[in-house]
Amino acid sequence: MKRNCVKVSQESLSQTDLYLLAECWEFIFKLVNCDDEYFKCLSLVSKQFLSITDGFRFSLTVHQRTLPFLPRLVQRFTNLTSVNFSLVSCDLLDKLLPQISHFPLKITSLNISNRPSFPEHGLRAFSKNVITLSSLICSNVYFDYKYDFFHIAHLFPLLQILDLSFIGRLHLFHSPRMKLHGMMNFELPRLEVLDLSNTTVDDEELYIISKACHGLLQLSLNTCRQVTEKGVKHVLQNCTQLREIDMEWCRRVRPKIVLSMVFSRPSLRKITAPPGCILSHTEKELLKLQGCIVSSCFEHAEWEIKNSSVFFQKAKDSAPCKEISSLQGLSERKCMQIRSGFQELLTLSSEVV
């Protein structure tokens, strides 16, 4: 049952009722473990409460309508650690990023997704003043040959999470920095999570990336159609602590590599297998004994692939679903992955006799 906010009028509270040190009220609010809605209610009680609850805001999603107030918002929420610009017009980031970088914030997460150009000027200015950034989300951003993986490594060498999904080409071999300095001068030794899904990354580029990011724990290659088992082996050889790898819809990766992956890299705990990987019960149990779970996009489907052909099974009777999640819960990225999956299925379905 949803709790209702307690409405407290300012007139009903005297100054003596509210007189406590700010540290005391902050401690009380932490014990109550309020959510954002309750903090909004509390902020209406007094200016003191407003000031205290502002300190509990750690993330900010910037919209077009909030742009005129951005400097005041950043100044107001002094404990911000995460800023999301994915909903802001593409031509404004080069101005906005330098602005917020001058505030004394310890920003650890930045989202600049969904734009047709890489905001190089803004990120360069941002990187000079913000040295705490550990997560950068650049999904669905167009990279030209001047700005690439190594350019990001140069700006933010302490990154732990990097999302480059849906960016198209990585341009590693056309990079001016690559040609001038070579590969080994650019590393992301602290990078643990890398998302390259829906990019044109290939085996040679995976070799370079795995050398530069040898501490990877999670790697997504979902719908990377240029990757083969050769590139996967590069990753297994160079990333000695790898725990999770996603190869869903990697058509050029042969399914037989899955079993050998676990034994060549014992740190693996989860593998999302490429198309056509159908493991027997015995094989799954063997992998579980090694501490690794293998999942597949075909695992729960009512069709499977054998010998490059699709075989549909008879639909099973099932009880009607009692609750269907709202379509609004689907993220744009997930919708793009679903679309890619259907395109893959249609391609494979064309081979059905």
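Given the structure is predicted, the values throughout are model-derived calculations rather than measurements. (Residues numbered from 1 in each chain as written. Predicted model: local features only at pLDDT ≥ 70, side-chain atom pairs only at ≥ 80, totals over all residues. Heavy atoms only, no water.)

Chemist: Got a sec to walk through the overall build of the protein? Specific residues and values, please.
Modeler: Across its full length, the protein carries 14 helices and 12 strands. Considering only intrachain contacts with a sequence separation of at least 6, the fraction spanning at least 24 residues in the protein is 72%. By element, 55% of the accessible surface of the protein is carried by carbon and sulfur atoms, the whole surface being about 20600 Å². (Helix = DSSP H or I, 4+ residues; strand = E, 2+ residues; numbered from the N terminus. Contact = heavy atoms within 4.5 Å. Areas by Shrake-Rupley, 256 points an atom, 1.4 Å probe, with all protein chains shown as cover.)

Chemist: Lay out the packing of aromatic side chains with the relevant residues and their values.
Modeler: In the structure shown here, the tally under the stated rule is two aromatic pairs. Over the face of the ring belonging to Phe-77 we find Arg-57, whose NZ or CZ atom lies 4.9 Å from the ring centre. (Phe/Tyr/Trp six-rings, centres within 6.5 Å; stacked < 30°, edge-to-face > 60°. Lys NZ or Arg CZ within 6 Å of the ring centre and 35° of its normal.)

Chemist: Quick rundown of the packing of helix H10 (residues 203–212) against helix H11 (residues 229–238)? Include the residues and the values.
Modeler: For the pair H10 and H11, interaxial distance at closest approach is 8 Å and the crossing angle is 10 degrees. With respect to H11, the element H10 is oriented roughly parallel. For the pair H10 and H11, the contacting residues are Asp-203, Leu-206, Tyr-207, Ser-210 and Lys-211 in the first and Lys-230, Gly-231, Val-232, His-234, Val-235 and Asn-238 in the second. Its residues placed into classes, the contact of H10 with H11 shows four nonpolar, four polar and three charged. (Axes fitted to C-alpha atoms, helices over the stretch in contact; angles between N-to-C directions. Parallel < 35°, antiparallel > 145°, perpendicular 65-115°, else oblique. Nonpolar A, V, L, I, M, F, W, Y, C, P; charged D, E, K, R; others polar.)

Chemist: Quick one: what's the story with the environment of Gln-226, residue by residue and with numbers?
Modeler: By the element assignment, Gln-226 lies in the loop between strand E7 (218–220) and H11. For the pair Gln-226 and Arg-252, spaced 26 residues apart in sequence, the C-alpha separation works out to 6.9 Å. Ignoring anything within four residues of it in the chain, the contact list for Gln-226 reads Thr-200, Val-201, Asp-202, Asp-203 and Arg-252.

Chemist: Outline the nonpolar core, listing residues and values.
Modeler: Ranked by size, the top nonpolar core spans 76 residues in total, and within it Phe-85 and Phe-149 carry the most contacts. Ranked by residue count, the leading element in this core is helix H8 (residues 149–155), at five residues. Apart from residues lying up to four places away in sequence, Phe-85 is in contact with Val-62, Leu-70, Leu-93, Leu-96, Leu-97, Ile-100, Leu-110, Asn-111 and Arg-115. (Core = buried A, V, L, I, M, F, W, Y, C linked by side-chain atoms within 4.5 Å. Buried < 20%, exposed > 50% of the residue type's maximum accessible area, 1.4 Å probe, protein only.)

Chemist: Break down the pattern of salt bridges for me, with residues and values.
Modeler: Tallying each qualifying case throughout the model produces two salt bridges. Residue Arg-124 is joined to Glu-120 by a salt bridge in which the shortest nitrogen-to-oxygen separation is 2.8 Å. Placement of the pair is Arg-124 and Glu-120 together in helix H7 (residues 120–129), with a separation of four residues, close to one helical turn. One salt bridge in this structure joins Arg-254 and Glu-229, with 2.4 Å as the shortest N-O distance. With a gap of 25 residues between them, Arg-254 in the loop between strand E8 (244–246) and helix H12 (257–264) and Glu-229 in helix H11 connect regions that are remote in the sequence. Exposure remark for Arg-254: the relative accessible area of 46% places this residue in the partly exposed category. The buried category is assigned to Glu-229, whose relative accessible area is 13%. (Salt bridge = Lys/Arg side-chain N within 4 Å of Asp/Glu carboxyl O.)

Chemist: Give a detailed account of H7, specifying residues and quantitative values.
Modeler: Within H7, the full set of buried residues consists of Glu-120, Gly-122, Leu-123, Phe-126 and Ser-127. Along the axis of H7, the buried positions cluster into a sector of 160 degrees, meaning they face one direction only. Opposite the buried face of H7, at more than 90 degrees from it, the exposed residues are His-121 and Lys-128. (Arc of directions from axis to C-beta.)

Chemist: Before we move on, could you go through unusual backbone geometry and cite the residues and values that matter?
Modeler: Not every positive phi belongs to a glycine, and Asn-114 is a case in point at roughly 65 degrees. By the secondary structure assignment, Asn-114 is in the loop between strand E3 (109–111) and H7. For Asn-114, a relative accessible area of 29% corresponds to the partly exposed category. Notably, Phe-166 is not glycine yet its phi reads approximately 60 degrees, a positive angle. Topologically, Phe-166 is positioned in the loop between strand E5 (161–163) and helix H9 (176–181). Its relative accessible area of 11% is what places Phe-166 among the buried residues.

Chemist: Account for H12, naming residues and giving values.
Modeler: Along an α-helix, residues three or four positions apart point the same way, because every turn accommodates 3.6 residues. Listed in full, the buried residues belonging to H12 are Ile-257, Val-258, Met-261 and Val-262. Taken around the axis of H12, the buried residues stretch over an arc of 140 degrees, which confines them to a single face. Buried residues in H12 make contact with H11, E8, strand E9 (270–272), helix H13 (281–289) and strand E10 (293–295).

Chemist: Residues and numbers for the sheet that holds E10, please.
Modeler: To summarise the sheet geometry, strands pair through backbone hydrogen bonds and adopt either a parallel or an antiparallel arrangement. The 10 strands are arranged E1-E2-E3-E4-E5-E6-E7-E8-E9-E10 in an open sheet whose pairing can be described as parallel. Lying at the two open borders of the sheet, with one neighbouring strand each, are strand E1 (59–61) and E10. Recorded for the sheet is a direction-independent mean angle of 5 degrees between the axes of neighbouring strands. Both E9 and E10 contribute to a ladder of three bridges, which runs parallel. The partner of Thr-272 across the bridge, within E10, is Ser-295. (Pairing = 2+ DSSP bridges.)

Chemist: Lay out a nonpolar patch on the surface with the relevant residues and their values.
Modeler: On the surface, Phe-263, Leu-286 and Leu-289 cluster together into a nonpolar patch covering about 330 Å² of accessible area. One can find Leu-286 in helix H13. (Patch = residues over 30% accessible without salt bridge, like charges linked within 9 Å, V, L, I, M, F, W, Y side chains within 5 Å.)

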